[in-house]
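Coordinates in review
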Amino acid sequence: MLKKELPGVKKQVPLAAHTTFNIGGPAEYFLPATTQKEILRAIKTAKKIKLPVFVMGGGSNLLVSDSGVRGLVVKNQVTSPVVLKKNNVVEAPAGAVLGKVIDFSISKSLQGLEWAGGLPGTFGGGIRGNAGAFGGEMKDTIVSVRALDDQFNLRKLSNGESGFSYRSSIFKRKNWVVLSAQVKLKKGNKKKLKEISNSRKDYRKEKHPLEYPNAGSVFKNVAVKDLAPIFQSEFADKVKQDPFPIVPAAWFIIGAGLAGKKVGRAQISQKHSNYIVNLGGAKAKDVLALIDMVKNNVKNKYGIVLEMEVQYLE
Ligand SMILES: Cc1cc2nc3c(=O)[nH]c(=O)nc-3n(C[C@H](O)[C@H](O)[C@H](O)COP(=O)(O)OP(=O)(O)OC[C@H]3O[C@@H](n4cnc5c(N)ncnc54)[C@H](O)[C@@H]3O)c2cc1C
């Protein structure tokens, strides 16, 4: 049935190869979708036969269970066209690699996305999670987003209607699929924009453990207002405005003495302690054990419950 409706679908595809963590068992069904029509047909078909369906992008924010995922995983590979419209507006499909959208904008001397240099994943994944770094967030330049809602209605939402907040949006909260979006940029200096984007990449290479497979920051940073006064003082010199006063989660992990801890082939990075790295052959269960260790120890020592930024898919 599925093969007939979705000719490109494959069975039992290991998801480790489709995540930056290189961890995860097989998807029961897997469809690399290269057109929007294919995505829409896949979602409708799966819902019709009551098969769970999950749309992924670059797999850079996912930890997939060792036993894999039941149902259909659709990998959004709708990467083109990325186009320049009137008034410095760039439009791109959700499956476009974010780095390509940044490079395209810079090639047109357009400023507004360069802060995201080196941020992995797709344009749509970044919008859904309102990805951010170095004081910038996806929401800063979004004009409109085209999405598929849970009733299969195609919608066009303005920035305000997209309900962006820290690492979240209406698309995340309601599980809607982002199909494409427009960003409004400003004229800038191509050479300078390239320099900024490259400096962000260099910073990441220097400070983050990119030499090992990982899924970026495991936990969200902690709002200063959520900390007990005694810890607000203890961490006063660690506060960053990104995008509001926060203490990076890494400081609590270091403070709890957990940097470098290993379970199996997974390790809390010493280079950046909010990263868990796959030393080669790590299992999702190893990573989950480290996540529990961090949550319990940080809760006991600082009274805060760290929230996951990485999504666990089972
Ligand atoms: C080395 C490294 C550094 C990172 N640095 C940062 C950083 O600085 N800031 C930051 O915010 N994040 C960072 N991340 C996390 C990650 O890159 C972002 O969250 C990214 O936006 C995820 O995009 P993706 O396409 O890979 O999504 P995936 O990992 O494929 O999916 C993540 C979630 O998004 C959903 N999703 C994907 N595409 C769509 C779509 N089109 N419509 C609806 N939902 C969708 C999936 O269903 C899933 O729930 C980093 C990750 C790595 C590996």
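In this report, we go over the structure that sits alongside the text. (Residues numbered from 1 in each chain as written. Predicted model: local features only at pLDDT ≥ 70, side-chain atom pairs only at ≥ 80, totals over all residues. Heavy atoms only, no water.)

**Topic: the overall build of the protein**
Condition: By the criteria applied, helices consist of DSSP H or I runs no shorter than four residues and strands consist of E runs no shorter than two, each listed in order from the N terminus. Two things to know: the radius of gyration comes from C-alpha atoms, and the globule rule equals 2.2 Å times the number of residues to the power 0.38. The rule is simple: take the accessible area with a 1.4 Å probe, protein chains only, and divide by the maximum for that residue type; under 20% is buried, over 50% is exposed, in between is partly exposed. Working rule for contacts: check all heavy atoms of both residues, and any pair within 4.5 Å makes them a contact. A 1.4 Å probe and the Shrake-Rupley method give the accessible areas. Residues count as covered only by the protein chains that appear here.
Helix and strand counts for the protein come out as 9 helices and 21 strands. Taking 314 residues into account, the globule formula puts the C-alpha radius of gyration at 20 Å, and the protein, at 20 Å, falls close to it. Over its C-alpha atoms, taken along the principal directions, the protein stretches across nearly 55 × 50 × 35 Å. Within the span of the protein, comprising 314 residues, buried residues form 50% of the whole. Restricting the contact set of the protein to residue pairs at least 6 apart, pairs at least 24 apart contribute 62%. Entry remark: accessible area of the protein is about 14,900 Å², with carbon and sulfur atoms responsible for 51%.

**Things to note about the environment of Leu313**
Tracing the backbone through its elements, the reader meets Leu313 in strand 21 (residues 311-313). The sequence separation of Leu313 and Val64 amounts to 249 residues, and the corresponding C-alpha distance is 4.7 Å.

**A word on the environment of Ser180**
Among the structural elements, Ser180 can be located in strand 13 (residues 177-184). Sequence separation of Ser180 and Ile43 is 137 residues, and the distance between their C-alpha atoms is 16 Å. If we ignore the near neighbours within four places in the chain, the residues touching Ser180 are Ala92, Pro93, Ala94, Val145 and Arg146.

**A few points about the sheet that holds strand 16 (residues 240-241)**
This is how the line gets drawn: Paired strands, in this sense, are two strands between which DSSP finds at least two bridges.
With respect to topology, 3 strands assemble into an open sheet ordered 15-17-16, the strand pairing being antiparallel. Two strands close off the open sheet at either side, each with one partner strand: strand 15 (222-223) and strand 16. In the sheet, strand 15 pairs with strand 17 (residues 245-247) via 2 bridges, with the strands oriented antiparallel. What sits directly across from Val222, in strand 17, is Val247.

**Thoughts on the site of the ligand**
Convention followed: For each residue, the test is whether any non-hydrogen atom lies within 4 Å of the molecule or strand; if one does, the residue is near. In protein, a polar contact means a hydrogen-donor-capable atom and an acceptor-capable atom, both N or O and within 3.5 Å, with residues adjacent in sequence counting only if both atoms are side-chain atoms; elsewhere, any N or O pair within 3.5 Å suffices. Think of it as three bins: nonpolar holds Ala, Val, Leu, Ile, Met, Phe, Trp, Tyr, Cys and Pro, charged holds Asp, Glu, Lys and Arg, and polar takes everything else, Gly as well.
Surrounding the ligand, one finds 34 residues, the nearest of these being Val55, Ser60, Thr122, Gly132 and Gln311. One of the backbone N or O atoms of Val55 is found 2.6 Å from an oxygen atom in the ligand. Listed by contribution, the elements that provide at least two residues to the shell around the ligand are strand 3 (53-56), helix 4 (123-128), strand 9 (132-133) and strand 13. The class makeup of the residues in the shell around the ligand is 15 nonpolar, 15 polar and 4 charged.

**Notes on the packing of aromatic side chains**
To keep things clear, this is the line we draw: Note on ring pairs: Phe, Tyr and Trp rings are taken, using the six-membered ring of Trp, and paired if centres are within 6.5 Å. Classes follow the plane angle, with under 30 degrees stacked, over 60 edge-to-face and the rest tilted. Cation placement over rings: the criterion is NZ of Lys or CZ of Arg within 6 Å of the ring centroid and within 35° of the ring normal.
For the structure shown, the criterion picks out 7 aromatic pairs. Ring centres of Phe231 and Tyr302 lie 5.1 Å apart, and the angle between their planes is 75 degrees; on these two criteria the pair is classed as edge-to-face. One end of the pair, Phe231, is in helix 7 (residues 229-234); the other, Tyr302, is in helix 9 (residues 284-302), and 71 residues separate them in sequence. Like Phe231, the residue Tyr302 is buried in the burial classification. Between Phe235 and Phe252, the ring centres sit 4.7 Å apart and the planes meet at 55 degrees, which makes this aromatic pair tilted. Taken together, the residues Phe235 in the loop between helix 7 and strand 16 and Phe252 in helix 8 (residues 249-255) connect sequence positions 17 residues apart. Judged by its relative accessible area of 5%, Phe235 falls in the buried class. Among the aromatic residues, those joined into a cluster by ring pairs are Phe231, Phe235, Phe252 and Tyr302. If you follow Arg200 out to its NZ or CZ, it ends over the ring of Phe134, 4.7 Å from the centre. Directly above the ring of Trp251 sits Lys238, whose terminal nitrogen or CZ lies 4.3 Å from the centroid.

**Some words on the pairing of strand 7 (residues 89-93)**
With respect to burial, strand 7 is a largely interior element, 4 of its 5 residues being buried. What sits between the antiparallel neighbours strand 6 (residues 83-84) and strand 7 is a turn of 4 residues, in which Asn87 has the positive phi angle 55 degrees. Two elements, strand 7 and strand 13, share 5 bridges in a ladder whose sense is antiparallel. When the bridges of strand 13 are listed, Val90 appears paired with Val183.

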